[in-house]
Amino acid sequence: MRTIVLIGLVGFAAQLVDGSLGMAYGVTTTTLLLAIGTNPAAASATVHLAEIGTTLVSGVSHWRFGNVDWKVVRRIAIPGAIGAFLGATILSNLSTEAAAPVMAAILLALGLYILVRFTFSGIPRQHLGKPLRKRFLSPLGLIAGFVDATGGGGWGPVGTPAILASGRLEPRKVIGSIDTSEFIIAIAASLGFLFSLGSQGINFAWVGAILVGGVLAAPLAAWLVRHVPPRLLGASVGGLIVLTNVRSLLRADLVDIARPVQTAIYTVVVLAWAAAFAYSLREYLRDREVESSDAISSLREEQERDTATGAVATPAG
């Protein structure tokens, strides 16, 4: 019972972060399941089954708070579903011994990306309000869906930073659109796992615990997306994922590393994590007014008006 409660709390915390940051639900919960000895394919299948419910509630919550751009959802969800189904099928056919370090390496890379992206990068502003093209969103969805299923998470870590980096959509709508479209990805990945694995290795009590925790957190996360600084969440979650998966790789026996060297590696990771958080806090406090959700929304609306005015003025000239 204690394990079920702890897993439910992790599901709550992961959805709180994912709903306010646009990433890290699958990566965080999969990392936990791997840490307690779950088969990699079963861990990813468990998380994606739970995500069907949590992403549905999260999507509705983001829609109610006005955080969703439905054009983005339509253009990215279907390619994402195809990638997720393919990724689930491939992961299901890897042996546990081969899959564990592969998944840990993918999660480590995603964690590093989250940590670096949100610690050192601000929010691009020069292209706010410009449309996101299908030729950009379709390949992005395919890749993000594939990584999501094979890594047990990745839809947000791949999709959210890529769209944010384009500078064409304000952060709260990037996060809301990615979270809403993830409902389709969760269904596709779950079907891929069920076709390949059946229900083998899936603990449905754990699915239920993660689901309940995530559903309770989803409305709160959709509200928090307007208030919690993305820099601080990114630094916190990214560092945790990096530390946990460095530990998984060191325990995979791929290379014989002495205990003192392992301790030194852990120390370096923790110190780097602390430094990244301190830096991101300093940068946020320095640019707090500029990086607030309200400031970005106002700037986007202003630039959309300018773009529309220019489009009307051009034919007349």
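All right, on to the overall build of the protein then. For the protein, the count of helices and strands is 13 helices and zero strands. Listing each helix as α and each strand as β along the protein from the N terminus yields α-α-α-α-α-α-α-α-α-α-α-α-α. The 317 residues of the protein split such that 51% are buried. Surface summary for the protein: the accessible area is close to 14,200 Å², and the carbon and sulfur share equals 67%.

Another point: the pattern of salt bridges. Counted under the stated rule, the structure contains two salt bridges. A salt bridge links R282 to E283; its shortest N-O distance comes to 3.3 Å. Several salt bridges converge on common partners, so that one network encompasses R282, E283 and R286.

Further remarks concern the nonpolar core. With 24 residues, the main nonpolar core has I76 and I163 as its most contacted residues. Of all elements in the fold, only α4 (70-92), α6 (134-151), α7 (155-166) and α8 (171-197) reach the threshold of two or more residues within this core. Residues within four places of I76 in sequence aside, it is in contact with L137, L140, G141, W155, I163, I178 and S181. Membership of the second largest hydrophobic core comes to 14 residues, among which are A14, A43, L49 and L107.

Helix length check: helix α9 (residues 204-224), at 21 residues, gives a terminal C-alpha distance of 30 Å against a target of 30 Å (1.5 Å per residue), a fit within 8%. Of all the bends in α9, the greatest reaches close to 40° and is centred on A218; the proline P219 follows between one and four positions later. Considered for burial, the residues of α9 that qualify are W206, V207, A209, I210, G213, G214, A217, A218, A221, A222 and L224.

Right, let's get into the confidence of the model for the protein. When pLDDT is averaged across the protein, the result is 75; 73% of the residues are at 70 or more. Across the protein, the element-wise mean pLDDT spans from 56 in helix α13 (residues 293-316) up to 89 in helix α11 (residues 259-286).

Looking now at the environment of A218. Structurally, A218 can be placed in helix α9. Leave out the neighbours within four places in its chain, and A218 touches Q15, T54, V57, S58 and S61.

Quick look at the environment of A278 now. With respect to the secondary-structure elements, A278 resides in helix α11. Each C-alpha atom of the pair A278 and T119 lies 9.2 Å from the other, and the pair is 159 residues apart in sequence.

What follows deals with a positive patch on the surface. Together, K71, R74, R75, R133, K134 and R135 line one region of the surface with positive charge. Sorting the residues of the positive patch by element identifies α4 and α6 as the ones contributing at least two each. Broken down by element, the residue count for the positive patch peaks at three residues, all from α4. Looking at the secondary structure, you find R75 in helix α4. Since its relative accessible area comes to 31%, R75 is described here as partly exposed.

Each value, and the rule that gives it
Residues numbered from 1 in each chain as written. Predicted model: local features only at pLDDT ≥ 70, side-chain atom pairs only at ≥ 80, totals over all residues. Heavy atoms only, no water. Helix = DSSP H or I, 4+ residues; strand = E, 2+ residues; numbered from the N terminus. Buried < 20%, exposed > 50% of the residue type's maximum accessible area, 1.4 Å probe, protein only. Areas by Shrake-Rupley, 256 points an atom, 1.4 Å probe, with all protein chains shown as cover. Salt bridge = Lys/Arg side-chain N within 4 Å of Asp/Glu carboxyl O. Core = buried A, V, L, I, M, F, W, Y, C linked by side-chain atoms within 4.5 Å. Contact = heavy atoms within 4.5 Å. Expected span 1.5 Å × (residues − 1). Bend = angle between axes of the 7 residues up to and from the residue. pLDDT = per-residue confidence, 0-100. Patch = residues over 30% accessible without salt bridge, like charges linked within 9 Å, V, L, I, M, F, W, Y side chains within 5 Å. Lys, Arg positive; Asp, Glu negative; His and termini not counted. Charge placed at Lys NZ, Arg CZ, Asp CG, Glu CD.

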